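An overview of the molecular structure
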Amino acid sequence: MELEAAIRTRRSQHRLIDPAPSDEEFVDLLGWAATAPDHGHLRPWRWILVRGDSRTALGAALASGAADAEAVRREARKPLRAPLLATLVLVPQRNHRVPDWEQLAASSAMVNSLMLLLHDRGFGSMWRTGPSVDSAGARLLLRLAPHERIIGWLYVGTPDPTRRTVPRTPVAVGHRVSRFTPPPETVPGRMHEARGLTSPVP
Ligand SMILES: Cc1cc2nc3c(=O)[nH]c(=O)nc-3n(C[C@H](O)[C@H](O)[C@H](O)COP(=O)(O)O)c2cc1C
């Protein structure tokens, strides 16, 4: 699939069924996704793959902090929404010349590439978060270190073929793009124009 076609046709998949990529295939695709822009090549993240019955254990951990019986049921079922729940853990390198926000940006770039690569292989995915990313039960179960943070649950599997995917249209972004024009008084050779100004340069 050409890149533009992949971008045009990728949709976040709410319903995912078997098969999901194997651990080996996931790692293979991740190796390419990890080539996304990453200041310092820190790769400040790791993935924890949750499959099969392990999803039930994770669901129980998520439900442990739920307020009522309905929330317990809802949280417990969440990891079962796809055959593979890939947990993205941000592992920031503190006190590094590359600040935390750039490390988060690099991690996001990697995820976008990974989602496109999964799509290209015929898999679907959806990046979810919500309060569950800070679940104490999940952190404990997944053995997160204190400085680590879950920044996404990537639900992965095969898109449900009975569900119609709405074709994507490009986003109207013209108003989000501007061209910078320096004020004349800052441009060598045009200083004389600035002297005639009566109003501030917008
Ligand atoms: C960091 C992050 C967290 C997200 N968390 C959720 C979420 O918890 N629930 C949800 O429905 N969508 C969430 N989304 C949005 C979906 O992943 C997706 O982008 C959205 O449904 C639009 O679908 P599309 O990718 O097909 O355009 C999140 C997106 C990002 C980038």
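Refer to the preceding data block for the structure.
Read on for a plain summary of the structure. (Residues numbered from 1 in each chain as written. Predicted model: local features only at pLDDT ≥ 70, side-chain atom pairs only at ≥ 80, totals over all residues. Heavy atoms only, no water.)

Our focus in this paragraph is the overall build of the protein. Helix and strand counts for the protein come out as seven helices and five strands. Scanning the protein from its N terminus toward the C terminus, one meets helices and strands in the order α-β-α-β-α-α-β-α-β-α-β-α. Computed over C-alpha atoms, the radius of gyration of the protein comes to 23 Å, more than 25% over the 17 Å expected from 2.2 N^0.38 for 202 residues, which places it beyond the range of a compact globule. By its C-alpha atoms, the protein is 75 × 40 × 35 Å across when sized along the principal axes. Per-residue burial over the protein gives 37% buried out of 202 residues. Accessible surface for the protein amounts to roughly 12600 Å². Of this, 57% is attributable to carbon and sulfur atoms. If the 27 positive side-chain charges of the protein are averaged to one point and the 20 negative ones to another, these points end up 5 Å apart. (Helix = DSSP H or I, 4+ residues; strand = E, 2+ residues; numbered from the N terminus. Rg over C-alpha atoms; globule rule 2.2 N^0.38 Å. Buried < 20%, exposed > 50% of the residue type's maximum accessible area, 1.4 Å probe, protein only. Areas by Shrake-Rupley, 256 points an atom, 1.4 Å probe, with all protein chains shown as cover. Lys, Arg positive; Asp, Glu negative; His and termini not counted. Charge placed at Lys NZ, Arg CZ, Asp CG, Glu CD.)

Close contacts around the ligand come from Arg10, Arg11, Ser12, Met126, Trp127, Arg128, Thr129, Gly130 and Arg168, and that covers them all. Trp127 is positioned with one of its backbone polar atoms (N or O) 2.7 Å from an oxygen atom of the ligand. In the model, an oxygen atom of the ligand is placed 3.2 Å from a nitrogen or oxygen of the Arg168 side chain. Protein chains shield 57% of the accessible area of the ligand, which is 630 Å² for the free molecule. Of the residues that constitute the shell around the ligand, the class distribution is two nonpolar, three polar and four charged. (Near = heavy atom within 4 Å. Polar contact = N/O pair within 3.5 Å; in protein donor to acceptor, adjacent residues only side chain to side chain. Nonpolar A, V, L, I, M, F, W, Y, C, P; charged D, E, K, R; others polar.)

Attention now goes to helix 3 (residues 54-63). By the burial criterion, the buried members of helix 3 are Arg55, Leu58, Gly59, Ala61, Leu62 and Ala63. Residues of helix 3 that are buried sit in contact with strand 2 (45-51), helix 4 (69-77), strand 3 (84-90), helix 6 (136-141) and strand 5 (149-159). (Contact = heavy atoms within 4.5 Å.)

With respect to the element layout, Gln103 can be found in helix 5 (residues 100-120). Among all residues touching Gln103, those that are not within four sequence positions of it are Leu42, Pro44, Leu90, Val91, Pro92, Gln93, His96 and Val98.

Turning our attention to the packing of aromatic side chains. Following the criterion strictly, the structure yields one aromatic pair and no others. Between Phe26 and Trp47, the aromatic rings sit 5.4 Å apart at their centres with planes inclined by 75°, giving edge-to-face as the arrangement. Of the two residues, Phe26 is situated in helix 2 (residues 23-33) and Trp47 in strand 2; the sequence distance between them amounts to 21 residues. The ring of Tyr155 carries Arg128 above its face, with NZ or CZ at 5.3 Å from the centroid. (Phe/Tyr/Trp six-rings, centres within 6.5 Å; stacked < 30°, edge-to-face > 60°. Lys NZ or Arg CZ within 6 Å of the ring centre and 35° of its normal.)

Looking now at the packing of helix 2 against helix 5. Close contact between helix 2 and helix 5 brings their axes to 8 Å; oriented N to C, the two are set at 130°. Put simply, helix 2 runs oblique to helix 5. The handedness of the crossing between helix 2 and helix 5 comes out as right-handed. Counted together, Phe26, Leu29, Leu30, Trp32 and Ala33 of helix 2 and Met110, Ser113, Leu114, Leu117 and Leu118 of helix 5 form the full contact between these two elements. (Axes fitted to C-alpha atoms, helices over the stretch in contact; angles between N-to-C directions. Parallel < 35°, antiparallel > 145°, perpendicular 65-115°, else oblique. Left-handed = near helix turned anticlockwise from the far one by under 90°.)

Glancing now at the nonpolar core. Judged by nonpolar contacts, the single largest core of 21 residues is most densely connected at Leu30, Trp47, Met110, Leu114 and Leu154. Contributions of two or more residues to this core are made by helix 2, strand 2, strand 3, helix 5 and strand 5. For this core, the element with the most residues is helix 5, which contributes five residues. Leave out the neighbours within four places in its chain, and Leu154 touches Trp47, Leu84, Leu85, Ala86, Leu114, Met115, Leu118, Ser125, Met126 and Trp127. (Core = buried A, V, L, I, M, F, W, Y, C linked by side-chain atoms within 4.5 Å.)

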